[in-house]
Amino acid sequence: AQELKTLLGEAFGAEIPVVGKATGAKKPIALEFDAAFERDQIRLVTTKDGVRIVNGEAKVYGVYEFLERSAGMRFYFPGPLGTIVPKRTSLEVPEGTVDVKPDYTQRSCDMSWGRNGRWYDPDGLGEVTGSVMTSLWRTAQARMRLAPRIPCCHGQNTMFHLYDRFGKTHPEYFALLKDKDGNFYRDDVNSKWQGHRGHLCHTGPVWEQIYRDAVEKVRAGEKYIDVMAQDGMQRCLCETCEAAYSKDPDDPNYATELMWRNTANLAKRLTADGLDAYVTQMAYTPYNRIPEIDLPPNVLVMIARRGPWSKGTPGQIEKENAGIREWTKKLGHKVWLWNY
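What this report covers is the structure whose coordinates are included nearby. (Residues numbered from 1 in each chain as written. Predicted model: local features only at pLDDT ≥ 70, side-chain atom pairs only at ≥ 80, totals over all residues. Heavy atoms only, no water.)

Moving on: the sheet that holds strand β9 (residues 224-226). An order of β9-β10-β11-β12 is seen for the four strands of this open sheet, with the pairing classed as parallel. Of all strands in the sheet, those with a lone pairing partner are β9 and β12 (336-339), marking the two edges. Strand-to-strand twist of the sheet, defined as the mean angle between neighbouring strand axes without regard to direction, takes the value 30 degrees. Looking at chain direction, strand β10 (residues 278-283) and strand β11 (residues 299-305) are connected through five bridges and run parallel. Within β11, the position partnered with Thr 280 by the bridge is Leu 300. Contacts from helix α8 (residues 256-272) reach β9, β10 and β11 within the one sheet, and its direction differs from that of β10 by about 170 degrees. (Pairing = 2+ DSSP bridges. Helix = DSSP H or I, 4+ residues; strand = E, 2+ residues; numbered from the N terminus. Axes fitted to C-alpha atoms, helices over the stretch in contact; angles between N-to-C directions. Contact = heavy atoms within 4.5 Å.)

On to the sheet that holds strand β6 (residues 96-100), then. The four strands are arranged β1-β3-β2-β6 in an open sheet whose pairing can be described as mixed. Strands at the two margins of the open sheet, each flanked by one partner only, are β1 (29-33) and β6. Shown here is a sheet whose adjacent strand axes are inclined to one another by a mean of 15 degrees, direction ignored. Here six bridges tie strand β2 (residues 42-47) to strand β3 (residues 50-55), and the two strands are oriented antiparallel to one another. Note on β3: the bridge partner recorded for Thr 46 is Val 51.

Following this line, the structure appears as structure tokens:
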């Protein structure tokens, strides 16, 4: 109600009243909730008596759907530059019912970088910080109708925190790397690696630890287990990993079969344990190819695509879209996308 009041008030340059029930003197825009609706399902009903906005659990989404459809508003990012509110003297809505359900239930974007930019500032005076920034950010998330996100982003560190937990006590969990002088070392707390820390030995005992942790998490109520490797995955040089990699020395996706086999095995073990959970994994270098092994139905795959950055390369978008279709055929169900 507050968003309708604020945004329509800006459009009309007038005070928009909020009342508990219709008086009959004016045609109302009524807000309703239907517990039978899915989270972000919406119904817009317009009759001669006014407009009804019926929402699911995400109760404010119907408001933004109505304002975009009927008042021409657009919400790109926080602040006046990213919020389009056309000036109006009337609002005419055709009679009828419009049902809205999203094609994509996973909808998110990264607004954490640069959200203190001057363009976010409601007054245009300078950078936004603190509670004002947080409020604008949350409002933007709602106006863009984002949805709860399935975890799939370097979960071996972000979900399991393996480096923090075992970097001192279990060096055998971590990848065997080589320094510029040819000396071997583990990527544990004593690592010489200067990039993202905590790369694993994917043929070592760490996957048993991941399995035990996954069982504990699922029994505690977690539905999605993110097993994506650390960012910028480094090649473990131990003998067993080298034997499991692609035999092509120039293969950029040398770990494809190894990583997807580990992912599939974990998913199968959870099912065998009677645990209802999904294992999430991203198709990412160096395991970006579709593997030869079969993947169980409780493996959910995210695919990284360059999106608009591919437009400058002839044929790149078509190649990326073909890859999406191939992954979908392999799995027998939808993938979801990380779009740069």
